[in-house]
Each structure stands twice: as structure tokens, then as C-alpha cells.
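So you can see what is in the structure, the chains are spelled out below.
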Amino acid sequence: MLKLSKMAFYALLVLEGPKMARVIEFGPGCDSPAARRKPTGAERRGLAYDAEVKAATDHLYPKVKDFVTPMEWPAIAPFVFHINRLKKQRDAVVLAHNYMTPDVFALVGDFRGDSLQLAREAAVTDAKVIVQAGVHFMAETSKILSPDKTVLIPDMRAGCSLAASITGADVRLIRKKYPGLPIVTYVNTTADVKAECDITCTSSNATQVVEHVAAKWGVDRVIMVPDEFLARNVAANTDIKIIAWKGHCEVHEKFTGEDVRQIREAHPGTIVLAHPECPPDVLEEADFAGSTSALSNHVKESGARKVVLLTECSMSDNVAADNPGVEFVKPCNLCPHMKRISLENIYDALLEMKHEVTVPEGIRIRAKAAINAMLDLPKPKVFPKFKVGAGVYAPVEII
Ligand code: SF4
């Protein structure tokens, strides 16, 4: 056994740097690498990568091979196996939002999509239990539409900066300030806020909803809460005047027009796609803007070879997994709330049937009316897109 004095050890550490790894691993008083390795989440729960798990899951690995290394797979496969088994036992489905990491999205999600697609699935699924692999307002939406089902969210702290920006009491004050005007709420709000509004919208149908509600109420002004940038981007696509709340998505508000110019300089020929929660100066510089589904669809259908998605990072990863021939430039931003959901806590939620999301009945019924008003509208035949380039700025009144 190699013996070193403390001084010699530190001197060697400074001089030899990385080469010291072997010495440190086997030096006096040190455990072997195997003994020092922390147990994985699966091991801590007694879930092994045994022959049964291997046989049942190995064919799934190619779905995530660009994001999960072969070394990491034995730590992930047991969760996939046991989550899928628990889903059967509990008669449960996992609704996976596009912003979930690829392991959750591709390996355990029964329904995948944006908020609107997941809301529609929640309304029609026969399963007894819904596990919302998304954030809290999405789980509330599922509960509002499916009151007889048990809705679980793997981490109660999975919130949203938009949902946190406004309360039901705020909407009641807005109603007093602007009597006779309809209030449209983006689905990224609490049940309490939805209950005070006339109709919900998503980024897939925001312009359609605004024009519908203006015609129905016979007005030329509509209030949109809580996303200021979505409201501004809708205003550029309609003749209806928009009154907006000043809430922002903490992920999309970080992108700037300057980011787009820098991307174009560093990656010539890249097609720039932006989500409408981004500020208008981003859409001014982008090639295409649309909802989460529209972005994904555009990548598939446009024939673009090199793209950047100015949205949440996992969305970019999940679209990349579906489009293997397309190169993705990745200056994306992570949503810390979405990233609270993992295979580990989905497994725990199903095992212990925990964290149940409930909505008081009085609020649920009124919130459901607002959601149904949206779901009753005809489905758009094509994914609506937002204006890009010149003309993205339209006057908007801020509340
Ligand atoms: S990405 Fe933005 S809008 Fe979506 S959950 Fe995160 S903070 Fe909310």
C-alpha cells in the first residue's frame, strides 16, 4: 500500500492534479470507489435492475438514448418498470407535460402534450387516478374536469410564476374597474382565479378565444390575465383591444431580441422558433411563433435542418427526440417548477397515493364553466401561429 505523509499528499495533489484520483481512491483510510458510491434513488427504495426489470424495459432505452447514458440506465429502468406496474394496480394514468424531462415524458407518460391537450385528456380518461406530471395549476384543472377521480401531484411545490401573479380577489377588483368587459384567463392560473373569469385560453387558442368572447359580448375590448406578453402578442394578431395584467412566465421573460441576434450570428442558418410567452421583441426577431404544440409541429413539417426553440429546455429535448434528423441549438431556460417532478416522486406518489389535489366544490363548478367555455369552441384545424417580424407591437392597456 502506498503511504504518504500529509504534506507529501497535499504537494502531490497540487502538482499532479487529476492523476491523483487513483492514489486518493486507494490511499490509506479511504474506502474503495464502490463503497463510496452513494446509493441511487432506486436502490434507496429497494428497486433493483434485475433480470425481470431488464427484460421489461431494455427496449425503451432507445427513446432516451440521447439524454440518458448506458451507465445511468440501471438507475432509471427500475422506476419505469415499477411506475408502469403501479399504474396498472391503481388504475392510474400519467399526464406528462411537454416540459417534463425526457425520461418522464417518453417513458411513463400515458398522455403527452401542452396544457390544452392534457386538459382534454383529463376530461375523458376512464382511469380512476390521474398523476399530473406538470405543475399545480394543471393538476387543479384535471380535478376541476374530473371531480370523481383522485388527482395526485408528485410535488406540491411545483408552482408557476404566472399562476402566482394573480388571485381571485384581484380579478374581482378588475371586474369592478372594467364592468361589462369579458375576462379571459390563461390556463396558467389557480382554480380560484378561473372561477372569477368568463373563459380560459391556452397559447394554442388565445386569439380565437379573445375574438370569440368579444363577438359574444358585443364589445371591442377584452381583458386578458395574467400573462402580459401573451396578451401583447395576441394584440398584434387581432383588431380587438386588449387590457392586460402584468404577470410573466419566469422562463420565457428571460429571452430577448438580442439573444436571437446573437444566436443568428453564432449559428448561421438556424430557424428561430419562439413561444408567445416571450416578450414581443423576441417575436420581432423570430422566424416562427406559436404554442408548444405549434412549435413541435412546425419543426416536423417545415423541413428545417437546424433550429432553436426559445422555450423551456425539456420541451426542446422532447421535440429533438421526435426529430432525430434536426440539429437543435440549445440556449433554452429551465422551469424550476416543472423540474420538481421526477421519476422518483412519481413512483412515491403512486406507491403512497400522495399528494392529492382538491378544489372546493363552489370554486370548482365556476372554474369548470370557464374551462368548458373554452373546450366547447371548435378545435382549430391548423395550429394557429403568431405574427413575427415587423408588426408585432400593438398598443395594450396595462391594468
Ligand atoms: S414554464 Fe413558465 S408558465 Fe410554465 S410552469 Fe414554468 S413558470 Fe409557469
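Residues numbered from 1 in each chain as written. Predicted model: local features only at pLDDT ≥ 70, side-chain atom pairs only at ≥ 80, totals over all residues.

Provide a residue-level description of the packing of helix H8 (residues 115–124) against helix H9 (residues 136–145), including the pertinent values.
For the pair H8 and H9, the least separation of the axes is 8 Å and the interaxial angle reads 30°. In this structure, H8 meets H9 at a crossing whose hand is right-handed. Residues Ser-115, Leu-118, Ala-119, Ala-122 and Ala-123 of H8 lie in contact with H9, whose contacting residues are Met-138, Thr-141, Ser-142 and Leu-145. (Axes fitted to C-alpha atoms, helices over the stretch in contact; angles between N-to-C directions. Helix = DSSP H or I, 4+ residues; strand = E, 2+ residues; numbered from the N terminus. Left-handed = near helix turned anticlockwise from the far one by under 90°. Contact = placed C-beta atoms within 7 Å.)

I'd like to hear about the domain arrangement of the chain, residue by residue, with values.
For interface size, the figure often reported is the accessible area lost on association. In terms of domain boundaries, the chain breaks down into domain 1 (6–36), domain 2 (41–152), domain 3 (163–250 + 362–384 + 393–398) and domain 4 (252–336). A C-alpha centroid distance of 26 Å is found between domain 2 and domain 4. Residue-level contacts link 13 residues of domain 2 with 10 residues of domain 4. At three residues, the largest contribution of residues to the side of domain 2 that touches domain 4 is made by helix H7 (residues 102–107). Of the residues belonging to the side of domain 2 that touches domain 4, the class tally is six nonpolar, four polar and three charged. (Domains from an automatic or database assignment. Nonpolar A, V, L, I, M, F, W, Y, C, P; charged D, E, K, R; others polar.)

So what about the nonpolar core? Which residues, and what values?
Within the largest apolar cluster, 114 residues are counted, with the highest numbers of intra-cluster contacts made by Val-184, Ala-286 and Ile-346. With six residues, helix H6 (residues 73–90) is the largest single contributor of residues to this core. Residues contacting Val-184, with those up to four places away along its chain left out, are Cys-197, Asp-198, Ile-199, Cys-201, Val-209, Val-210, Val-213, Val-222, Ile-223 and Met-224. (Core = buried A, V, L, I, M, F, W, Y, C linked by C-beta atoms within 7 Å. Buried ≥ 20, exposed ≤ 12 C-beta atoms within 10 Å, placed from the backbone.)

So what's going on with H9? Which residues, and what values?
Along an α-helix, residues three or four positions apart point the same way, because every turn accommodates 3.6 residues. When you tally the buried positions in H9, you get 10 out of 10 residues, the bulk of the element. When we look at burial in H9, the residues that qualify are His-136, Phe-137, Met-138, Ala-139, Glu-140, Thr-141, Ser-142, Lys-143, Ile-144 and Leu-145. Those residues of H9 that are buried lie in contact with strand E1 (92–97), H8, strand E3 (129–133), strand E4 (150–152), helix H11 (191–196) and helix H19 (361–375).

Help me get a handle on the environment of Phe-229, residues and values and all.
Mapped onto the elements of the fold, Phe-229 is located in helix H13 (residues 228–235). Remark: the alpha-carbon pair of Phe-229 and Val-329, spanning 100 residues in sequence, is separated by 24 Å. The contacts of Phe-229, once residues within four sequence positions are left out, are His-248, His-252, Glu-253, Glu-277, Cys-278, Pro-279 and Pro-280.

Break down the sheet that holds E3 for me, with residues and values.
Taken in spatial order, the four strands make up an open sheet running E2-E1-E3-E4, and their pairing is parallel. Single-partner strands in this sheet number two, and they are strand E2 (111–113) and E4. Here the average twist between neighbouring strands, direction ignored, is 20°. Note that E3 and E4 share three bridges and pair parallel. Each residue of the ladder has a partner; that of Ile-130, found in E4, is Val-151. (Pairing = 2+ DSSP bridges.)

Go over the confidence of the model for the chain with me, naming the residues and quoting the values.
Here the chain averages 90 in pLDDT, and 91% of its residues register 70 or above. The low-confidence segment residues 1–27 (pLDDT under 50) makes 12 contacts with residues lying over four places distant or belonging to another chain. (pLDDT = per-residue confidence, 0-100.)

Describe the sheet that holds strand E8 (residues 241–244), and please don't skip the residues or the numbers.
The five strands lie next to each other as E6-E5-E7-E8-E14, forming an open sheet whose pairing is parallel. The open sheet has two edge strands, strand E6 (199–201) and strand E14 (396–398), and neither has a second partner. The average undirected angle you get between the axes of adjacent strands in this sheet is 30°. Strand direction decides the pairing type here: strand E5 (residues 183–186) and strand E7 (residues 221–225), joined by three bridges, are parallel. Bridge pairing in E7 places Ile-183 opposite Ile-223. Together, E5 and E6 form the strand contacts of H19, whose direction differs from that of E6 by roughly 60°.

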